Amino acid sequence: MTQKLIALDLDGTTLNNEAQLSKKTVATIKAAIKAGHVVSIVTGRPNRLSQNFYDQLGLSSPMINFNGSLGHMPHQHWQYEYQYTFDRGIVLDLLQHQQEFNIQMIAAEGKHLFLAHQTESTQVGFFPAVLTHEQQLSPATLTQNPTSMTIAVDRPLQKRLQSYIEERFGSSVDVAPWGGPNSVLEIGAKGVQKAVGVERLAHYYHIDRQNVIAFGDEHNDKEMIEFAGRGVAMNNATNQLKALADDVTEHNNDQDGMAEYLSKALKLA
């Protein structure tokens, strides 16, 4: 058997439309691990909202969060843990421009960091509807450089805000709009994306690039899909991702498309 490194995006890929793991998915991943393969979650989600899935899948590998900016091993020390950050001053600058761009929410996060400031209630997932006193973002509370910043902004002003950030801070950060219905911009350290984390995992496990299988569905999976020896787009993936992938699953994320594909590819059945 040739050992494979399997890199799994979560939303729209490993999770169903209710953002849950199906029984088939859990069973397939555990079978892959038992067969000697390495399975790792590689997600845009923060670690605070992905570790539950890590535990459900029974993983012991490193996990990659914030689209490649954080690599760590939950529940234990990993000597190769890493975290890319950017200057906290960028967050503070945007706090000062909230009214100008009609920003509804700004969140700054890291492995042990979650602070946010809201001007109105948002329907953006991943964030608490009500912030505690300890979670309030301000110049006084943000004492460290963040790994990720997420901004909810009125759709008509999204492109203008993105241009402002890129023109002012583009040498140190990348800005990407979320897919889906929410008008959200995500900011991370310049040049860091999921492929950065996958490459580190491949080196750590001494697995050749050709033996990496990566699954994804959205624009933030692009570099990871291109890096993998076999980049697999979900049936429900964007057309752009499908066009550059090596393969496309027969079924979508709500039909166990990833689990079915992986089971056949690894001959787990």
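Keep in mind it's a predicted model, so treat the numbers as computed, not measured.

Draft legend 1. Main features of unusual backbone geometry. One non-glycine residue, Ala 19, lies in positive phi territory at about 55 degrees. One can find Ala 19 in the loop between helix H1 (10-14) and helix H2 (23-34). One non-glycine residue with positive phi stands out, namely Lys 267, at about 55 degrees. Relative to the helices and strands, Lys 267 resides in the segment after helix H10 (257-265).

Draft legend 2. Summary view of H2. Between its first and last C-alpha, H2 extends 16 Å over 12 residues, near the 16 Å set by a 1.5 Å rise per residue. Among the residues of H2, those classed as buried are Thr 25, Val 26, Thr 28, Ile 29 and Ala 32. Each buried residue of H2 lies within a common arc of 165 degrees when the element is viewed along its axis, so the set occupies one face. Exposed and facing more than 90 degrees away from the buried side of H2 are Lys 23 and Lys 34. Those residues of H2 that are buried lie in contact with strand E1 (5-8), H1, strand E2 (38-41), helix H3 (51-56) and H10. Just downstream of H2, Gly 36 is the residue with a positive phi angle, here 105 degrees.

Conventions we followed
Residues numbered from 1 in each chain as written. Predicted model: local features only at pLDDT ≥ 70, side-chain atom pairs only at ≥ 80, totals over all residues. Heavy atoms only, no water. Helix = DSSP H or I, 4+ residues; strand = E, 2+ residues; numbered from the N terminus. Expected span 1.5 Å × (residues − 1). Buried < 20%, exposed > 50% of the residue type's maximum accessible area, 1.4 Å probe, protein only. Arc of directions from axis to C-beta. Contact = heavy atoms within 4.5 Å.

All quantities given are derived from atomic positions and should not be read as evidence of function.
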